[in-house]
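Remarks on the overall topology
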Number of protein chains: 2
Amino acid sequence: MSQTWKKTYNDTPLVYPASTEEVSKVLKICHAKRIPITGYSGGTSLEGHYTPTHGGISVNFSRMDKVLAVHHQDLDVVVQPAVQWQKLNEDLAKDNLFFPPDPGPGAMIGGMVGTGCSGTNAYRYGTMRDWVLNLTVVLADGTIIKTRRRPRKSSAGYNLTQLFIGSEGTLGLVTEATLKLATLPESTSVAVCSFGTVRQAADCVASIVGRGLQLAAIELLDDNQMEYLNHFVGESGVKRNEAPTLFLKFGGTPDAVKEQVKIVEKLASKAGSLSFDFAGDKKQEADLWSSRRDALWATMSVMKEGDKVLTSDVAVPISRLPDAIEQAKAHMMALGLVGSIVGHAGDGNFHTIVVYSDEQRAQAEDFLHTMVDRALEMEGTCTGEHGVGLGKRDAVVKELGEDTVAAMRRLAFDPLCLLNCDKIFKSQKGDI
Amino acid sequence: MSQTWKKTYNDTPLVYPASTEEVSKVLKICHAKRIPITGYSGGTSLEGHYTPTHGGISVNFSRMDKVLAVHHQDLDVVVQPAVQWQKLNEDLAKDNLFFPPDPGPGAMIGGMVGTGCSGTNAYRYGTMRDWVLNLTVVLADGTIIKTRRRPRKSSAGYNLTQLFIGSEGTLGLVTEATLKLATLPESTSVAVCSFGTVRQAADCVASIVGRGLQLAAIELLDDNQMEYLNHFVGESGVKRNEAPTLFLKFGGTPDAVKEQVKIVEKLASKAGSLSFDFAGDKKQEADLWSSRRDALWATMSVMKEGDKVLTSDVAVPISRLPDAIEQAKAHMMALGLVGSIVGHAGDGNFHTIVVYSDEQRAQAEDFLHTMVDRALEMEGTCTGEHGVGLGKRDAVVKELGEDTVAAMRRLAFDPLCLLNCDKIFKSQKGDI
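Note on numbering: residues in each chain are counted from 1, in written sequence order. To read the labels, note that chains go from A and ligands from 1, taken in the order they are written. Restriction of local features to residues with pLDDT of at least 70 applies here, the model being predicted, together with a cutoff of 80 or more for giving and counting side-chain atom pairs; totals for whole chains, interfaces and linings are based on all residues. As a convention, hydrogens and water are excluded, and side-chain values are obtained from all of the structure's heavy atoms.

Let us look at the relation of the copies chain B and chain A. Two copies of the chain are present, and they differ by a rotation about an axis and a shift along that axis. Superposition of the copies used a least-squares fit over C-alpha atoms from residues whose pLDDT is at least 70 in both. Once turned by 180 degrees and shifted 0.0 Å along the axis, chain B lies on chain A with an RMSD of 0.0 Å. Here the symmetry operator amounts to a two-fold rotation axis. Comparing contact sets, 100% of the residues at the interface of chain B also lie at the interface in chain A, consistent with an isologous, same-surface contact. Any two residues whose heavy atoms approach within 4.5 Å at even a single point are treated as in contact.

Between Lys or Arg on one side and Asp or Glu on the other, a salt bridge is scored when a side-chain nitrogen of the former is within 4 Å of a carboxyl oxygen of the latter. A full pass over the atoms with the stated rule returns 46 salt bridges over all chains. The residue Asp277(B) makes a salt bridge to Arg240(B) at a minimum N-O spacing of 3.2 Å. Of this pair, Asp277(B) sits in strand β14 (residues 273-278) while Arg240(B) is found in the loop between α7 (223-233) and β13 (245-252), placing the two residues 37 residues apart along the sequence. Buried residues are those whose accessible area, probed at 1.4 Å on protein chains only, stays under 20% of the maximum for their type, while exposed residues exceed 50% and partly exposed ones sit between those limits. Relative accessible area serves as the criterion here: at 34%, Asp277(B) is assigned to the partly exposed category. One connected set of salt bridges, linked through shared partners, spans Asp74(A), Asp76(A), Arg150(A) and Glu379(B). Secondary structure elements follow DSSP: runs of H or I of four or more residues count as helices, runs of E of two or more count as strands, with numbering from the N terminus.

Only protein atoms enter the 1 Å grid used here. Points where a 1.4 Å probe fits but cannot escape make up a cavity, open sets with protein on both sides within 12 Å along at least five of seven lines make up a pocket, and a residue lines them when an atom lies within 4 Å of a point. Grid points are joined across faces, edges and corners, and a volume is the space filled by probe spheres set on the points. Tallied over the entire structure, the rule returns six cavities of 30 Å³ or more. Within this model, the second largest cavity holds a volume of roughly 50 Å³. As for the second largest cavity, its lining consists of Asp74(A), Asp76(A), Leu133(A), Arg150(A), Pro151(A), Arg152(A), Val316(B), Pro317(B), Ile318(B), Asp347(B) and Gly348(B). Residue classes follow a fixed rule: Ala, Val, Leu, Ile, Met, Phe, Trp, Tyr, Cys and Pro count as nonpolar, while Asp, Glu, Lys and Arg count as charged, and any other residue, Gly among them, counts as polar. Partitioning the lining of the second largest cavity into residue classes produces five nonpolar, one polar and five charged.

This part covers the interface of chain B and chain A. Each partner contributes to the interface: chain B provides 84 residues, whereas chain A provides 84 residues. Reported buried area values correspond to the accessible surface (1.4 Å probe) lost by two parts on association, with both partners' losses combined. Surface buried jointly by chain B and chain A totals about 6700 Å² across both partners, of which 54% is contributed by carbon and sulfur atoms. Interface area lost by chain B to chain A is led by Arg149(B), Lys153(B) and Tyr158(B), which between them contribute 15%. Applying the counting criterion to the chain B and chain A interface returns eight salt bridges. A salt bridge links Arg211(B) to Glu186(A); the nearest nitrogen and oxygen atoms lie 3.6 Å apart. For the purposes of these results, a polar contact is taken to be a pair of N or O atoms within 3.5 Å, where, inside protein, one atom must be able to donate a hydrogen and its partner to accept one; residues adjacent in sequence count only when each atom of the pair is a side-chain atom. Taken together, the links from chain B to chain A amount to 40 residue pairs in polar contact (both at pLDDT 80 or more). Those elements that provide at least two residues to the side of chain B that touches chain A are β8 (144-146), α5 (160-164), α6 (198-210), α8 (254-271), α13 (393-400) and α14 (402-409) of chain B. Examining the composition of the side of chain B that touches chain A, we find that five residues originate from one element, α8(B), more than from any other.

Next up on the list: α6(B). Residue and element names in this part refer to chain B. Each helix should span, by expectation, one fewer than its residue count multiplied by 1.5 Å. When the terminal C-alpha atoms of α6 are compared, their 18 Å separation across 13 residues agrees well with the 18 Å that a helix rising 1.5 Å per residue should span. Looking at α6, one finds that the buried residues are Val-198, Ala-201, Ala-202, Cys-204, Val-205, Ala-206, Ile-208 and Val-209. Looking at the packing, one finds that the buried side of α6 touches α4 (122-125), β11 (187-195), β12 (217-221), β13, α8 and α11 (321-334). A positive backbone phi angle near 75 degrees is found at Gly-212, which sits one or two residues after α6.

Next up on the list: the packing of aromatic side chains. Residues and elements named next belong to chain A. Geometry of aromatic contacts follows a simple scheme: Phe, Tyr and Trp rings, the Trp one being its six-membered ring, pair when their centres are within 6.5 Å, and the pair is stacked under 30 degrees between planes, edge-to-face over 60, tilted otherwise. In total, this model carries twelve aromatic pairs over all chains according to the counting rule given. Considering the side-chain rings of Phe-247 and Trp-289, the 6.4 Å spacing of their centres and the 75 degrees angle between planes classify their relative orientation as edge-to-face. With a gap of 42 residues between them, Phe-247 in strand β13 (residues 245-252) and Trp-289 in helix α9 (residues 282-293) connect regions that are remote in the sequence. Each of the two residues, Phe-247 as well as Trp-289, counts as buried. Put simply, the rings of Phe-98, Tyr-125 and Trp-131 pair up and form one aromatic cluster.

Let's shift gears to unusual backbone geometry. Excluding glycine, most residues fall at negative phi; most peptide bonds, likewise, are trans. The backbone of Leu75(A) sits at a positive phi, close to 55 degrees, despite the residue not being glycine. Looking at the secondary structure, you find Leu75(A) in the loop between β4 (67-71) and β5 (76-79).

Functional significance is not addressed by these values, which are geometric in nature.
Shown next as structure tokens:
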């Protein structure tokens, strides 16, 4: 068997189906011949999801990139898996509609379903799990199923839709999805607000969440991240306080936005804000938000040759967020690691972006494992939005226990373990 | 075996466990002895969910009725299955919090998870599926699992939480749930608005939904229902137009509510509204909304001796709602059936409440089957919120196809079919 165990995507034979029926044909052949299958759409995931660890073939969805139907009045859209969310939103904007989940640039619907992704919009709009009405899926033996129909609500049997979302290509290949859409808010605004300490910023977030204010996004960047951003924009760019900073996005009717901004400015001041910059027009709004978008690139800009980057993705109950962030910062400093913190603070989810050299690799990995352990002590999760893939399989067992992972194993849609086998959990005990 | 096949709840031995561990012990014994099990909490479901069609025992959760923890800052609460949603909300109100799903009075968390219920709040807040963070579940063999931890977001493996929601007691017994909470809106209001035709009312709903206005609830009552309500309140009560009527609930910050009411009044007028009554104070607000709450009892008040009542629960994409309601009304009239229509119009979900005599039974059942067929033709569902139980098993096969139902059957958490066997789908082909 060793010749079929190819560990990289580049070595793998690619298949380019153009329809659900073609995917079904491919999977029937693979099922009969026992050929492992890994799906591939945008290729932006961070946890090795599309690495074909069992060899076999990769089903590349690039030919299935069509928007099949837009139902304006029903606020839904039917798409193929290789539709990119940004492109979709460009098209929908002319009808005043959008699809809220906003993961990394380049991500496509197939992979977004696979990882159950989210992004900065999750505080207001929820995650991928909240925006899928139904899925057409090809099972391991080639059977085509559609998980449900198109009404907004249904109690018709088991929630197969949610079973496939976040299943990382292990239960079936998604060939079509009906996605819910939201209307673009009539009015939007952005504010950027800095604090003396991360705890003050996190306290401000807690007071916004506790007040039930439905901001469009609440993002937290630490002082290191702000420093890297100032470095990244260079001499010509706008410099910001190198202090823990909240990026706040508002959306709604014009009066509601004005009212929210006022309330939030007061809450920020009460929590000890040092500054509260508020976008006066669309251009300023875009400029302010672009700093948030640049965070990863800014941190990567301080990398030296040969350095690598690791990202964590823990989420904790919101009350524990200040502790979790403070401990992560202190630990990172104690280890002498270069890195920053970017958080979807409204969800209790944050990323540490750690830059490390080859000599620091063990330290960086140890740091990430400790982050997960601390999150679990706080009743949190090892992954808020990136998924499990290969890297967090042991963490999931720690998080949920052997019996819960065993229950996942019992969802035996793929008893031959042909579909992205050994992702999320190991199909057998031991080191795979 | 015939002596163990008891068909009614009254004949069934009841077991009253007081903890997750006791439920586990009971299920271990039942597993070893092959004794069928049906769970029971509030007993308000409409589709025969707690009818022990295979005999065995009923696990009555009435002793597990505690709120175990309220995490104010995290906006979540940990509860046992026999907590009643109304009682929970009474307790939470003092902290300015609430749990949004609002099914029939008396429903309890266990059954609400089982059916994946919703209610009038679903347009704004979503259904039960959107408000559960994690579940502790005892599987058929007595294994205790917890589906996830307590952060707001997690991508840690398969979504077992969503698998159990709506599984109608067939995959495991829920013994504990962590529920998300919302903050009570600072300001609320209610408006009642009548129209010349059901289509005008439905068009108004479509324009509210299409505008992306986040009203707290959008309910539609037909002219028959309004007539029964006038009859129900008697001489002393406030009479309303016996015309298709929208009941609208608003919630948010004070300015946002005022703004929304203004916008909606304009949209209603554009759609042809005959009246737009707006609550001036809390008392009027409660009075206006109480008519919506009385709908079922009002329709039942026109029952003659021996009459029975049947309720349908279809949901369709919102663009098809006017057609679906008009066709249902015309069909009901053509058959000479007495009945009314009450809709969670913002979700495209509506109920027909049909009153029938013994002689009309076949007609009433035929009417409900036709309703389902028409909903399916419109890409809708046979059940928006009540679940499948016994009555809609054939409809689910029509709706989703044999292969999708077969996929549900493969979720083999209970291979012996001891847990509420033959609900949702028949465990074997044929008439069970």
